[in-house]
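# Report on the structure
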Amino acid sequence: MKFYITTPIYYVNDIPHVGHSYTTIAADILARWKRLNNYDVFFLTGTDEHGAKIVAAAKEKGKTALELCDEMSAKFREAWDLLNISNTDFVRTTEQRHVLAVDKVVQTLFDKGFIFSRKYEGLYCVGCERFYAQKDLDENGCCHFHKTKPVLQSEENYFFKLSSFQGSLLERITDKNHKEHIDIQPEERRNEIIGKLKLGLEDVSFSRSAIEWGIPLPFDKKQTVYVWIDALINYVTGIGYPVDETKFQKFWPADVHLMAKDILWFHSVIWSAILIGADLPLPKKVYSHGFFTLNGNKMSKSLGNVISPKELVDKYGVDAARYLTVTLIPFGPDGDISWQGLTLKYNTDLANNLGNLISRTIKMAEKYFDLLVPQTTPNLWLAKNVATLLQESFAPNMDNIQLHKAAESLQNAITLVNKQIETDAPWKLARTDMVKLATCIYSYLQATDIIAMHLLPFMPTLSEEIWRITGATGSIIETAKKYFTDRIIPETGFSVAGSQLRVSGILFPRVTE
Ligand code: MSP
């Protein structure tokens with residue numbers, strides 16, 4: 001089975017910050033989870049490089065638009081490398097393959113009569129790269145996102161007949177049994193979209209005559225494709241449209257388009273209408289998570305309050321940075337983050353709970369069993385309890401994109417084992433009952449192996465390390481792929497009696513403010 005997941009393609013006028021990382025890490029975690037569940041995964045991300053905003057940013061820096069795009073797109077790639085993002089491809093909208101895809105979609109829409117020319121005057125927000133009606137602005141006449149006044153623009157443009165798609169969109173969004181059903185999540189956002197759709201749709205701008213930095217319309221080279229239409233088409237470019245028919249047929253439609261709520265309308269309504277118009281199937285799910293603020297403020301380069309992926313990695317390490325970014329606030333609603341909050345969560349979940357489980361189990365194995373998995377009758381009840389807990393609460397939450405809940409269930413599993421250690425009090429058993437002690441240590445190691453397999457999508461490197469530390473054999477990824485298919489724990493467990501445990505430095509050193 002295939003699974004195609006995407007992130008938005010990010011504007012190159014900004015540096016990659018924790019807001020972009022949030023979506024990208026979340027998508028990576030889902031991609032890794034699906035791979036472990038034996039899906040053939042295509043995971044796409046990239047950069048959005050055309051439009052007025054990019055031209056303005058390049059001018060400010062004294063660069064050509066392409067120079068800025070090359071430089072900034074590379075920064076996004078570097079950030080994703082640093083964060084160990086496993087994307088299959090990376091689309092840049094300035095690439096020739098993307099021009100081919102845009103040409104094809106745009107020409108199809110034109111040929112089918114969905115594009116028309118008209119004189120237009122409207123309020124344009126360059127930050128959002130879109131026109132707004134007066135009623136969409138705040139009490140000062142500013143855009144809600146950028147708090148700036150949109151500029152009045154007037155030009156002869158091509159328009160897309162969005163209004164003619166109202167009925168077909170409503171049908172596909174509201175009817176779960178429709179064969180082209182598009183599942184918009186979370187529920188409240190879906191209802192907002194439906195509410196807005198019911199009010200009626202206005203036709204939208206499809207081209208710009210004044211912006212040269214874009215893809216020329218195939219049927220009128222004097223105009224360029226409006227940057228949002230250009231950008232949305234990246235989702236088909238990335239899987240080979242229109243050149244590689246086999247790859248495209250294999251992966252389209254997308255299983256999940258992931259993004260924040262700021263761009264949900266573009267993805268659920270405009271993109272869907274383009275696809276219906278071009279006779280292409282609709283994405284199965286569009287999932288929008290919340291927007292987060294930093295210490296109560298919007299993150300922005302100019303305010304100087306952004307957290308970069310590098311800062312996070314320097315402070316907590318790559319795997320912990322990934323874990324913290326996606327678990328600090330519930331996945332869906334808006335939330336606020338702070339360095340204090342990050343450090344507190346790091347110390348609670350990782351240094352204390354997980355770190356403690358590993359370090360004390362290893363210390364006991366070292367002290368009493370020469371760093372070998374104890375030779376004892378296999379005792380898997382604790383591992384089985386952990387496995388059941390995770391099967392019931394981790395897997396469904398991952399499948400429903402409730403990443404914070406999946407992480408919470410992992411923490412519950414870790415706590416379960418830590419509590420068992422307290423109850424067993426192995427340090428007392430060491431004086432009275434070495435046979436029972438061996439069984440106990442053995443069972444902690446087996447339970448930790450189950451936890452490590454579930455931790456893989458969040459912490460790909462440290463989970464492997466934990467797997468080695470506990471003396472588990474074989475590749476954790478291959479073992480997990482098999483385990484997630486049949487859910488069978490071998491009779492001897494994953495850490496076979498007599499195997500060597502590998503000591504390692506402290507996995508999660510405590511962090512102070
Ligand atoms: N280029 C468009 C997207 C085109 S997709 C066809 C764009 N780019 S963006 O660089 O502004 O990225 C917006 C996305 O970045 C959000 O939808 C979200 O995925 C992520 N985020 C950026 N800042 C964020 C927060 N402060 N909080 C949560 N997500 C954030 O829009």
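As a starting point, this report considers the structure included with it. On a predicted model such as this, the values are computed, not experimentally measured, just so you know. (Residues numbered from 1 in each chain as written. Predicted model: local features only at pLDDT ≥ 70, side-chain atom pairs only at ≥ 80, totals over all residues. Heavy atoms only, no water.)

## Here we look at the site of the ligand
Near the ligand lie 25 residues; those nearest to it are Ile-9, Thr-23, Asp-48, Ala-260 and Asp-262. Contacts to the ligand include Gly-19, whose backbone N or O atom sits 3.4 Å from a nitrogen atom. Broken down by secondary-structure element, the contributors of at least two residues to the shell around the ligand are strand 1 (2-11), helix 1 (18-36), helix 7 (227-232), helix 8 (234-237) and strand 12 (256-260). Taken together, the residues that form the shell around the ligand break down as 15 nonpolar, eight polar and two charged. (Near = heavy atom within 4 Å. Polar contact = N/O pair within 3.5 Å; in protein donor to acceptor, adjacent residues only side chain to side chain. Helix = DSSP H or I, 4+ residues; strand = E, 2+ residues; numbered from the N terminus. Nonpolar A, V, L, I, M, F, W, Y, C, P; charged D, E, K, R; others polar.)

## Concerning the pattern of salt bridges
Following the criterion strictly, the structure yields 24 salt bridges and no others. In this structure, Lys-135 and Asp-136 form a salt bridge, with 3.8 Å as the shortest nitrogen-oxygen distance. Among the charged side chains, a network of salt bridges with common partners joins Lys-2, Asp-255 and Lys-284. (Salt bridge = Lys/Arg side-chain N within 4 Å of Asp/Glu carboxyl O.)

## Here's the deal with the nonpolar core
Of all hydrophobic cores here, the largest spans 103 residues; its most connected members are Leu-258, Tyr-346, Ile-450, Met-453, Phe-458 and Phe-508. Ranked by residue count, the leading element in this core is helix 17 (residues 434-455), at 13 residues. With near-sequence residues (within four places) excluded, Ile-450 lies in contact with Ala-383, Val-386, Ala-387, Leu-390, Tyr-483, Ile-489 and Phe-494. Counting 66 residues, the second largest nonpolar core, distinct from the first, contains Val-91, Phe-159, Ile-233 and Leu-280. (Core = buried A, V, L, I, M, F, W, Y, C linked by side-chain atoms within 4.5 Å. Buried < 20%, exposed > 50% of the residue type's maximum accessible area, 1.4 Å probe, protein only. Contact = heavy atoms within 4.5 Å.)

## Description of the pairing of strand 13 (residues 285-289)
Taken across its five residues, strand 13 has five buried, putting it largely inside the fold. Burial along strand 13 is two-sided: Lys-285, Tyr-287 and His-289 and Val-286 and Ser-288, pointing in opposite directions, are all buried. One ladder, built from three bridges, connects strand 7 (residues 183-185) with strand 13; its direction is parallel. Bridge assignment links Gln-185 to a residue of strand 13, and that residue is Tyr-287. Here four bridges tie strand 12 to strand 13, and the two strands are oriented parallel to one another. If you follow Met-259 over to strand 13, its bridge partner there is Ser-288. Crossover strand 12 to strand 13 through helix 10 (residues 264-277) is right-handed. (Pairing = 2+ DSSP bridges. Right-handed = clockwise from strand over helix to strand, strands pointing away.)

Honestly, that's just the spatial picture; any functional story needs more than this.
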